Amino acid sequence: MMIHETDDYYKFSLINFNRPLCKKNLENLIKLNKTKNRFHLFPIVVDEYYNIIDGQHRFEACKKLEQPIHYVIDYSEQDHWESITEVNQAGKKHSVSDVYEMLLRSDDSYCLQIKPIARQYPEIPVGVLCHYFITNQTRTESVLKLMQTKDHKIINFDYRLQTLEAFVNVFGYFKITHAKSMLRLLTKLSQPNPNKYFRELTNKGFIPIKTWSSSSFKEAVVKYHNKGRHKKKISL
């Protein structure tokens, strides 16, 4: 591909669903290239209409430093979403929260369902909420991969939300931030009254609230269903 050069910043456009700019990443690029311009070594990638597929941080850094933009044009007919998610595997990889924000910008119906919950519970990282609500259809596909390929969905949304609310009421937010596997476990409990269920787990002494972890939570669930004994395994 031919590398082009221009000082016309206004011919380029950012794709609306791309992840937000990282202030720290942008500041580092500006600092590294302030005395010696290295941007020509890493040209940005645009489509034939100058929409930026890869390199939005480099583009913004060049603008702030008033340095020319070096770019290559991708004339392939590949979908923008697919291009962006693929090319970011080689750089700073997308996180679940990055893809969530991108899907929101593209009006994804499932992420729009999660949005008001993220606002209601700002103490819970949105990536954790995605791990909880997004259905992982196969064991070989991660939640991140499902979201990147738009093969994600939410099943039993109302029950999952009810269970999450009950969990927060009993155990608080701080337990959730480091217990993704336990949140997945919550979706398999199928308790008609999760608020009562969680309170029974604590009131009957199965979980010492101040010291429990996700593993002790799983152990408590098994003991509770076996009436305090470990003799029978329960698949969770």
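The preceding data block contains the structure.
What this report covers is the structure whose coordinates are included nearby. All values derive from a computational prediction rather than experimental measurement. (Residues numbered from 1 in each chain as written. Predicted model: local features only at pLDDT ≥ 70, side-chain atom pairs only at ≥ 80, totals over all residues. Heavy atoms only, no water.)

Considerations on the overall build of the protein chain
Moving on, step 1. Broken down by element type, the protein chain carries eleven helices and five strands.
Moving on, step 2. Long-range contacts, defined as pairs at least 24 residues apart, comprise 68% of the intrachain contacts of the protein chain with a sequence gap of at least 6. (Helix = DSSP H or I, 4+ residues; strand = E, 2+ residues; numbered from the N terminus. Contact = heavy atoms within 4.5 Å.)

A short note on the side chain of H131
Moving on, step 1. Along the chain, H131 falls in helix α6 (residues 126–133).
Moving on, step 2. Engagement of the side chain of H131 in a polar contact is seen with the backbone oxygen of G127, the distance being 2.9 Å. (Polar contact = N/O pair within 3.5 Å; in protein donor to acceptor, adjacent residues only side chain to side chain.)

Here we look at the pairing of strand β4 (residues 51–54)
Moving on, step 1. Sheet topology note: the strand β2 (residues 13–14)/β4 ladder contains two bridges and is parallel. Of the residues in β4, the one forming a bridge with L14 is I52.
Moving on, step 2. Across two bridges, strand β3 (residues 44–46) lies against β4 in antiparallel orientation. Bridging from a neighbouring strand, V45 pairs with D54 of β4.
Moving on, step 3. Hairpin connection between β3 and β4: a loop of four residues separates the two successive antiparallel strands, and Y50 in this loop has a positive phi of roughly 65°. (Pairing = 2+ DSSP bridges.)

Some details on the sheet that holds β4
Moving on, step 1. Spatial ordering of the open sheet is given by β1-β5-β3-β4-β2, a layout of five strands whose pairing is mixed. Each edge of the open sheet carries a strand with a single partner, namely β1 (4–6) and β2.
Moving on, step 2. Helix α2 (residues 56–65) contacts β2, β3, β4 and β5 (69–73) of the sheet and is inclined by roughly 120° relative to β4. (Axes fitted to C-alpha atoms, helices over the stretch in contact; angles between N-to-C directions.)

Structural notes on the packing of α6 against helix α8 (residues 157–171)
Moving on, step 1. Contact pair α6 / α8: the axes reach a minimum separation of 11 Å and the direction vectors enclose 130°. It follows that α6 is oblique to α8 by the angle criterion. The two elements α6 and α8 meet at a crossing, and its hand is right-handed. When α6 is examined against α8, the residues L129, Y132 and F133 are found in contact with a partner set consisting of F157, R160, L161, T163 and L164.
Moving on, step 2. Looking at the contact of α6 with α8 residue by residue, the classes come out as six nonpolar, one polar and one charged. (Parallel < 35°, antiparallel > 145°, perpendicular 65-115°, else oblique. Left-handed = near helix turned anticlockwise from the far one by under 90°. Nonpolar A, V, L, I, M, F, W, Y, C, P; charged D, E, K, R; others polar.)

A closer look at unusual backbone geometry
Moving on, step 1. Of note, E66 is a non-glycine position whose phi angle comes to about 55°, a positive value.
Moving on, step 2. Relative to the assigned elements, E66 resides in the loop between α2 and β5.
Moving on, step 3. With a phi close to 55°, N156 is a non-glycine residue in the positive phi region.
Moving on, step 4. Within the secondary structure, N156 sits in the loop between α7 (143–148) and α8.

A word on the environment of K31
Moving on, step 1. Within the secondary structure, K31 is located in helix α1 (residues 23–33).
Moving on, step 2. A relative accessible area of 67% means that K31 is categorised as exposed.
Moving on, step 3. Once the C-alpha coordinates of K31 and A61 are considered, the two residues, 30 residues apart in sequence, prove to be 9.3 Å apart. (Buried < 20%, exposed > 50% of the residue type's maximum accessible area, 1.4 Å probe, protein only.)

What about the packing of aromatic side chains?
Moving on, step 1. Scanning all chains against the criterion turns up six aromatic pairs.
Moving on, step 2. Between Y132 and F133 the ring centres are 4.8 Å apart and the planes differ by 70°, which places this aromatic pair in the edge-to-face class. Comparing Y132 with F133 shows no difference in burial state: the two are buried.
Moving on, step 3. Both rings, one in F133 and one in F157, keep their centres 5.4 Å apart while their planes meet at 35°; by these two values the pair is tilted. (Phe/Tyr/Trp six-rings, centres within 6.5 Å; stacked < 30°, edge-to-face > 60°.)

Concerning the environment of V128
Moving on, step 1. Within the secondary structure layout, V128 lies in helix α6.
Moving on, step 2. As a C-alpha pair, V128 and A118 span ten residues in sequence and 9.9 Å in three-dimensional space.

Observations concerning the side chain of D108
Moving on, step 1. By secondary structure assignment, the location of D108 is in the loop between α4 (96–105) and α5 (109–120).
Moving on, step 2. Beyond its immediate stretch of four places on either side in the chain, D108 contacts L103 and H152.

Examining the packing of α4 against α5
Moving on, step 1. Running from N to C, α4 and α5 point in directions that differ by 115°, and their axes come no closer than 9 Å. One element, α4, and the other, α5, form an angle in the roughly perpendicular class. As α4 runs across α5, the sense of the crossing is left-handed. Each of Y100, L103 and L104 in α4 lies in contact with α5, whose residues at this interface are C111, L112, I114, K115 and A118.
Moving on, step 2. Within the contact of α4 with α5, the residues separate by chemical class into seven nonpolar, no polar and one charged.

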